[in-house]
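# Fold and geometry: a report
Given next are the chains, with one letter for each unit.
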Amino acid sequence: MKKFAIAAATATALTLTMANAAFAQQSTQAPMTLAAGEVTQAKEATSDTWITTKVKADLMTEKGVPGSDIKVETNKGVVSLSSDVAVTDSQKEMAVAIAKKIKGVKAVSADGLKSE
């Protein structure tokens with residue numbers, strides 16, 4: 001009788017372990033895929049935010065560039081520079097060069113910068 005009880009307990013434990021593993025595979029696979037996509041989006045957003053902040057800071061500290069007048073936006077590593085105030089061609093070129101030096105920047109668009 002004692003051997004039967006041990007065998008039954010072992011069989012029950014093995015069954016529960018196998019069922020738990022099967023359940024875990026089914027229930028966590030889709031959320032993990034979803035979470036991976038959300039993590040990628042979060043990394044892109046963080047990276048874009050970091051790039052925007054870094055470009056803006058570098059424009060503000062560069063002499064000869066009206067950094068406070070230049071708006072910076074970043075989308076998937078592409079930096080867009082714009083302004084409501086006119087800038088000279090040399091200031092525009094310098095702003096683009098500053099943005100291109102930042103790690104993670106894939107391209108820079110200065111079409112939104114008003115020229116004098």
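Quick summary incoming for the structure in this document.

Basis of the calculations
Residues numbered from 1 in each chain as written. Predicted model: local features only at pLDDT ≥ 70, side-chain atom pairs only at ≥ 80, totals over all residues. Heavy atoms only, no water. Salt bridge = Lys/Arg side-chain N within 4 Å of Asp/Glu carboxyl O. Helix = DSSP H or I, 4+ residues; strand = E, 2+ residues; numbered from the N terminus. Buried < 20%, exposed > 50% of the residue type's maximum accessible area, 1.4 Å probe, protein only. Expected span 1.5 Å × (residues − 1). Arc of directions from axis to C-beta.

## Notes on the pattern of salt bridges
- Scanning all chains against the criterion turns up 2 salt bridges.
- Here Lys54 makes a salt bridge to Asp58, at a shortest N to O gap of 3.2 Å. Residue Lys54 and its partner Asp58 are located together in helix α1 (residues 2–61), separated by 4 residues, close to a single helical turn.
- The class for Lys54 is partly exposed, based on a relative accessible area of 33%.
- Of the residues examined, Asp58 reaches a relative accessible area of 22% and is grouped as partly exposed.
- Put simply, Glu73 and Lys71 hold a salt bridge, and the shortest N to O gap is 3.0 Å.
- Its relative accessible area of 47% is what places Lys71 among the partly exposed residues.

## So, helix α2 (residues 89–100)
- Here α2 contains 12 residues, and its C-alpha end-to-end distance of 17 Å stays within 8% of the 16 Å for a straight helix at 1.5 Å per residue.
- Taken residue by residue, α2 has Gln91, Ala95, Val96, Ile98 and Ala99 as its buried positions. Within α2, the buried residues cover an arc of 160° as seen down the axis, which keeps them to one side. Across α2 from its buried face, at more than 90 degrees, point the exposed residues Asp89, Glu93 and Lys100.

These values are about where atoms sit, not about what they do.
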